[in-house]
Amino acid sequence: MASPCTSRSDDSGGDDDDNDNKVVSSDSSSSPSGISKTGLSVLILLAFQNCSKNLLLRFVMKEHPQFLTSAAVIGVELIKLVLCLFYILLVEKQPLHSAAVFIRKDRRNTLLMGVPAALYSIQMTLEYLALANLDAALFSVLVQTKLLATAGCAVLVLGKKIKKVQFISLMILTTGVMLCNMKDFAGAGSNASVDDRKLQGGEADGSSVEEMMDSTKGVIATLSIAACSGFASVYTEKVIKAKRTIPSRKEEQELPLQNQPQQEQQYGLVYTQVQLAFVSLVIMGLYCVVMELNDILEKGLWYGFNFPAYVSIFVSAIGGLTVAAVLKYADAVLKGYATAVSVVLTGVLSMILFDTELNILYFLGIWNVICAVLLYSATDLDRLLC
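Computed from a predicted model, the values in this text were never measured in an experiment.

Q: Go over the overall build of the protein chain with me, naming the residues and quoting the values.
A: A count of helical and extended segments in the protein chain gives 16 helices and zero strands. Residue burial in the protein chain is summarised as follows: out of 386 residues, 52% are buried. About 17900 Å² of surface is accessible on the protein chain, with carbon and sulfur atoms providing 65% of the total.

Q: I'd like a description of the packing of helix 4 (residues 97-105) against helix 12 (residues 269-291), backed by residues and values.
A: Interaxial distance between helix 4 and helix 12 falls to 10 Å at its minimum, and their mutual angle equals 70°. Looking at the two axes, helix 4 sits roughly perpendicular to helix 12. In contact with Ser 98, Ala 99, Phe 102 and Ile 103 of helix 4, helix 12 contributes Tyr 271, Thr 272, Val 274, Gln 275 and Phe 278. In terms of residue class, the contact of helix 4 with helix 12 is made up of six nonpolar, three polar and no charged.

Q: Summarise the packing of helix 2 (residues 37-61) against helix 6 (residues 114-133); cite the residues concerned and give the values.
A: Put simply, helix 2 and helix 6 touch, their axes get as near as 8 Å, and they point 70° apart. In terms of their interaxial angle, helix 2 and helix 6 are classed as roughly perpendicular. Seen along the crossing, helix 2 lies across helix 6 with a hand that is right-handed. Here Lys 53, Asn 54, Leu 57, Arg 58 and Met 61 of helix 2 lie close against helix 6, whose contacting residues are Glu 127, Tyr 128, Leu 131, Ala 132 and Asn 133.

Q: Can you explain the pattern of salt bridges? Please cite residues and give values.
A: Taken as a whole and assessed by the stated rule, the structure comprises one salt bridge. In this structure, Lys 53 and Glu 127 form a salt bridge, with 3.3 Å as the shortest nitrogen-oxygen distance. Here Lys 53, found in helix 2, pairs with Glu 127, found in helix 6; they are 74 residues apart in sequence, far enough to count as distant. Looking at Lys 53, the relative accessible area reads 4%, which means it is buried.

Q: Residue-level account of the packing of aromatic side chains, with values.
A: A complete count under the given rule lists eight aromatic pairs for this structure. For the pair Phe 67 and Tyr 128, a centre-to-centre distance of 6.1 Å together with 90° between the ring planes defines the contact as edge-to-face. Here Tyr 128 lies in helix 6 and Phe 67 lies in the loop between helix 2 and helix 3 (69-90), a separation of 61 residues in the sequence. Residues Phe 231 and Tyr 235 carry aromatic rings whose centres are separated by 6.3 Å and whose planes lie at 35° to one another, so their mutual orientation is tilted. Of this pair, Phe 231 and Tyr 235 are both found in helix 10 (residues 207-240), four residues apart, which corresponds to roughly one turn of the helix. Note on Phe 231: relative accessible area 35%, which makes it partly exposed. Pairwise contacts between aromatic rings join Phe 67, Tyr 128, Trp 302, Phe 305 and Tyr 310 into one cluster.

Q: Go over a nonpolar patch on the surface with me, naming the residues and quoting the values.
A: A contiguous nonpolar patch, built from Val 344, Val 348, Met 351, Ile 352, Leu 353, Ile 360, Phe 363 and Leu 364 and spanning about 700 Å² of accessible area, is present on the exposed surface. Broken down by secondary-structure element, the contributors of at least two residues to the nonpolar patch are helix 15 (332-354) and helix 16 (360-377). The leading source of residues in the nonpolar patch is helix 15, at five residues. Residue position: Leu 353 is located in helix 15.

Q: So what about the nonpolar core? Which residues, and what values?
A: Phe 67, Tyr 128, Val 270, Val 274 and Phe 305 are the most contacted members of the largest nonpolar core, which has 52 residues in total. In this structure, Leu 173, Ala 340, Leu 358 and Ile 366 belong to the second largest nonpolar core, which totals 22 residues.

Q: So what's going on with helix 8 (residues 146-157)? Residues and values would help.
A: When the terminal C-alpha atoms of helix 8 are compared, their 16 Å separation across twelve residues agrees well with the 16 Å that a helix rising 1.5 Å per residue should span. Taken as a whole, helix 8 has its buried residues at Lys 146, Leu 147, Ala 149, Thr 150, Ala 151, Cys 153 and Ala 154. Gly 159 sits one or two positions beyond helix 8 and adopts a positive phi of about 70°.

Q: Which residues make up the confidence of the model for the protein chain, and what are the values?
A: For the protein chain, mean pLDDT is 78; residues scoring 70 or higher make up 73% of the total. When mean pLDDT is taken per element in the protein chain, helix 6 scores highest with 93 and helix 1 (residues 15-23) scores lowest with 40. Every residue in residues 1-33 is under pLDDT 50, and counting partners more than four places away or in other chains gives 122 contacts. Counting interchain partners and residues more than four positions distant, the pLDDT-below-50 stretch residues 257-265 has 27 contacts.

Each value, and the rule that gives it
- Residues numbered from 1 in each chain as written.
- Predicted model: local features only at pLDDT ≥ 70, side-chain atom pairs only at ≥ 80, totals over all residues.
- Heavy atoms only, no water.
- Helix = DSSP H or I, 4+ residues; strand = E, 2+ residues; numbered from the N terminus.
- Buried < 20%, exposed > 50% of the residue type's maximum accessible area, 1.4 Å probe, protein only.
- Areas by Shrake-Rupley, 256 points an atom, 1.4 Å probe, with all protein chains shown as cover.
- Axes fitted to C-alpha atoms, helices over the stretch in contact; angles between N-to-C directions.
- Parallel < 35°, antiparallel > 145°, perpendicular 65-115°, else oblique.
- Contact = heavy atoms within 4.5 Å.
- Nonpolar A, V, L, I, M, F, W, Y, C, P; charged D, E, K, R; others polar.
- Left-handed = near helix turned anticlockwise from the far one by under 90°.
- Salt bridge = Lys/Arg side-chain N within 4 Å of Asp/Glu carboxyl O.
- Phe/Tyr/Trp six-rings, centres within 6.5 Å; stacked < 30°, edge-to-face > 60°.
- Patch = residues over 30% accessible without salt bridge, like charges linked within 9 Å, V, L, I, M, F, W, Y side chains within 5 Å.
- Core = buried A, V, L, I, M, F, W, Y, C linked by side-chain atoms within 4.5 Å.
- Expected span 1.5 Å × (residues − 1).
- pLDDT = per-residue confidence, 0-100.

Next comes the structure, spelled out in structure tokens:
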């Protein structure tokens, strides 16, 4: 799902989020020396939202239910759009029609939103595939490779230079992901030895092979999520993310002010969320009409959904708005801490709720990943390095 400009459920870190923070810094209620109670609250909410989303999706998808993932994506975007409109009305204190005016006046960027909107829709679809084949603990670690994807795309597309501390953090992240993956290979080896003994007794079956294939499918889906997230973040920063200014007085009367000078108006990131949700709904609607119309007419759009599936849709939908609140009331560095907490919580709760077997390699890996996430978002550390 996921920041208002650069991440949806899924979040990216580093310089890209720093830019997001600059865009909305005039609205932030946190002080330079600390974090407000509101900021702390939204950080806790973000950590639990990330964790609960992964666990819920794993619970829903572990039995491979037969429902349309495109319908789930449409549900996420619909709820997100409604929540963003409520945010504009209640928090931004602006009329609802300001969102429609913004989309109409910002037609160029609305069209350009098609690329990240499509990527985010693919990303959400792949989340269902990944968590149908991977446990939530491993998924929460693997998906952090979005830092690698974002950094790589930033260098190739934007020509950015990676800071020394960020380069070190990416190496630590790679090591951590490899360690976490090794816990599955260890388990596979142990299962293989059992199957060898069964083979001697004539009781072997292909279950371990199928599990390994499912795990590989989940890993590929998760890495694809990271790639989509990284490219979408960089594309948004390069092409779309810019201050929206309206020079004419007539437009000044139509569009919401956000503490800008009289001749310049700037929109909060929640308006970009509305843009993304609107374009995503158009894209997914067209996809359903072209690819799945017969199934929808025969069984209905929401065929196969149960209560946990609906809850998972709602939890995924609030992710983007939660990140918007984090960037408004806290900053990208503290968002990295929330991500680290969510990774730990997901691993522990997955072990408790789903009996996921986690060995010492996983915990060594998760420690590396947490350190990498925090280092990547850190500031003013380069001057301490040679």
